[in-house]
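As a plain string of letters, each chain reads:
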Amino acid sequence: MTTPRMLQFVDRQQAMPDKRAADARRRDFGEIYEGYSDTGAASQAGRCSQCGVPFCQVHCPLHNNIPDWLMLTAEGRLEEAYEVSSATNTFPEVCGRICPQDRLCEGNCVIEQSGHGTVTIGSIEKYITDTAWEKGWITPIKPMRERGESVGVIGGGPGGLAAAEQLRRRGYKVTVYDRYDRIGGLLIYGIPNFKLEKDVVLRRARWLEESGVEFALNTEVGTTISFADLRAKHDAVLIATGVYKARDLKAPGVGQENIIPAMRFLTASNRTGLGDTVDDFDSGALNAAGKNIVVIGGGDTAMDCVRTSIRQGAKSVKCLYRRDRANMPGSQREVANAEEEGVEFVWLAQPEGFTGDATVTGVRSQRMRLGRPDATGRRSPQPIDGEIDTHEADLVIMALGFDPEDLPVLWGEPELPVTRWGTVKVDHRTQMTAMPGVFAAGDIVRGASLVVWAIRDGRDAAASIHDYLKARAAAPAAAE
């Protein structure tokens, strides 16, 4: 039965231009999609003219010129709308799909705050970009001049690819090194297909390749190639590896089988969807089908895990979070979607142990109450004595967040500066480390964050690398 909530979901999640792909999504994931027409997009975008205060633009990490491309969309000038949108955003089709608009642009829409419902900014951004691809308006980059310098980018996720695009536009030779067999990083292996279709990411990767960006796949820095060799090969190096080390939970029974990190679960699901053979998925070890699933965590990754579990045919899906709904870090829109799909949220539940003998059978959780705010401003969870629950579980997925890998050790580079949190230490004005010509951007600098922030950081790093290489090229001439 279609509910009002479903209809709202339909309005915000338009279909892909390719009808076959949309039909496949409908079949595989059971989502409801309804395509925008030019008239529908123009009507929705035209609502923006009622607002004179662009809070949406202010609260966008990329400071996208949202009012202008909405105005162009309202006037039916979609090609110009795409040009304005893509001027500040390397991947508008990605942000339109996965950005938490309810916490950023749409959440700060003046029309929304006045009680008339937000302009569906993300849906329109997605629509005009998909239209641009369909119409052939997006063509490979052709720099005005080719430069002799080259830049190596470590990491093929959103930050690294955003930097690669900007550097290529400036005429640099760019090589992106990635440990995986496909370009896209988290966009390919971390985010489920029902939120971000993989052909959307791979299409952008092909476009970058056609634009002259080179990809070195299955390349592990520190193993396949040394960091020192990369520095010797390129005039500048950008570290954009992201953060993938799963945070642990210290509790009795945590080492049992069937307690797995979120990225392992999501990567197996995404690889299977891409047509890869994944033995642990086929054996059932990383497959939620027919199982009682418990996901621990309250962020967007936890939401991806619970919703993926539903689509794999789980018997039941619970999400345990130690604070209440209002204090969870994940998107409220995602929570509402998950609830609609059958996920049970257990708020104010702190896991404190696991039952079972070698293989997990349940999760014991301590009931909590909220006390005074902590350093982040959120109210701290405090245990309620004697209040313990046990939740049946055949598979437990830990979605507690991510920390940086120990890059100085992995790469054999003890001189690479890192903070006490393990993130790469940079001069935040230039994004360069203490090692000349070595820059860093994205989650490996700021910690686990949003894709849109990685894009912003990658673009800013590209500008700093350009300034650095120009200054270095000018130095010998000045000395003469």
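Going by the structure above, here's the rest.
The structure contained in this document is the topic of the report that follows. (Residues numbered from 1 in each chain as written. Predicted model: local features only at pLDDT ≥ 70, side-chain atom pairs only at ≥ 80, totals over all residues. Heavy atoms only, no water.)

1. Quick word on the overall build of the protein
Now for step 1: A count of helical and extended segments in the protein gives 20 helices and 15 strands.
Now for step 2: Of all 480 residues assigned to the protein, the portion counted as buried reaches 54%.
Now for step 3: In the form shown here, the protein has an accessible surface area of approximately 21100 Å², with 50% of it arising from carbon and sulfur atoms. (Helix = DSSP H or I, 4+ residues; strand = E, 2+ residues; numbered from the N terminus. Buried < 20%, exposed > 50% of the residue type's maximum accessible area, 1.4 Å probe, protein only. Areas by Shrake-Rupley, 256 points an atom, 1.4 Å probe, with all protein chains shown as cover.)

2. A short note on the sheet that holds strand β13 (residues 395-398)
Now for step 1: Taken together, the five strands give an open sheet; going across it, the order is β6-β13-β7-β8-β9, and neighbouring strands pair in parallel fashion. Edge positions in the open sheet fall to β6 (259-261) and β9 (344-346), since each of these has one partner strand only. Taken pair by pair, the neighbouring strands of this sheet meet at an average axis angle of 25°, ignoring direction.
Now for step 2: Pairing of strand β7 (residues 292-296) with strand β8 (residues 316-320), which is carried by five bridges, proceeds in the parallel orientation. By the bridge assignment for β8, V295 is matched with C319.
Now for step 3: Of the strands in this sheet, β7, β8, β9 and β13 are in contact with helix α16 (residues 300-311), which crosses β8 at around 170°. (Pairing = 2+ DSSP bridges. Axes fitted to C-alpha atoms, helices over the stretch in contact; angles between N-to-C directions. Contact = heavy atoms within 4.5 Å.)

3. Notes on the pairing of strand β2 (residues 173-177)
Now for step 1: Counting buried residues along β2, four of its five residues qualify, which places the element largely inside the surrounding structure.
Now for step 2: Two elements, strand β1 (residues 150-154) and β2, share five bridges in a ladder whose sense is parallel. Bridging from a neighbouring strand, S150 pairs with K173 of β2.
Now for step 3: Handedness of the crossover is the feature at issue here: the chain leaves β1, passes through helix α10 (residues 158-169), returns alongside β2, and the resulting connection is right-handed. (Right-handed = clockwise from strand over helix to strand, strands pointing away.)

4. What about the sheet that holds strand β10 (residues 349-357)?
Now for step 1: What the three strands build is an open sheet, ordered β10-β11-β12; its pairing is antiparallel. The open sheet has two edge strands, β10 and β12 (379-392), and neither has a second partner. Within the sheet, the average angular offset between the axes of one strand and its neighbour, ignoring direction, is 20°.
Now for step 2: Across eight bridges, the pairing between β10 and strand β11 (residues 359-373) is antiparallel. Considered in β11, the bridge of T355 is made with G362.

5. With respect to the pattern of salt bridges
Now for step 1: Within this structure, the stated rule accounts for 32 salt bridges.
Now for step 2: Measuring nitrogen to oxygen at the nearest pair gives 2.9 Å for the salt bridge that ties D276 to R271.
Now for step 3: Put simply, R364 and E352 hold a salt bridge, and the shortest N to O gap is 3.0 Å. Placement of the pair is R364 in strand β11 and E352 in strand β10, with a sequence separation of 12 residues. (Salt bridge = Lys/Arg side-chain N within 4 Å of Asp/Glu carboxyl O.)

6. Comments concerning the environment of M398
Now for step 1: Within the secondary structure layout, M398 lies in strand β13.
Now for step 2: Residue classification places M398 among the buried positions, given a relative accessible area of 9%.
Now for step 3: Expressed as a C-alpha distance, the spacing of M398 and V295, which sit 103 residues apart in the sequence, is 6.1 Å.
Now for step 4: When sequence neighbours within four positions are dropped, the list of residues in contact with M398 reads L249, V254, I259, I260, P261, A262, I296 and F354.

7. A closer look at helix α17 (residues 332-341)
An α-helix turns once every 3.6 residues. As a result, residues three or four positions apart point the same way.
Now for step 1: Among all positions of α17, only R333, E334, V335, A336, N337 and A338 are buried.
Now for step 2: Looking one or two residues beyond α17, the residue adopting positive phi is G342, at roughly 115°.

8. Here's the deal with the environment of R147
Now for step 1: Within the secondary structure, R147 is located in the loop between α9 (121-135) and β1.
Now for step 2: When residues no more than four places from it in sequence are discounted, the contact partners of R147 are R170, G171, Y172, K173, H466 and K470.

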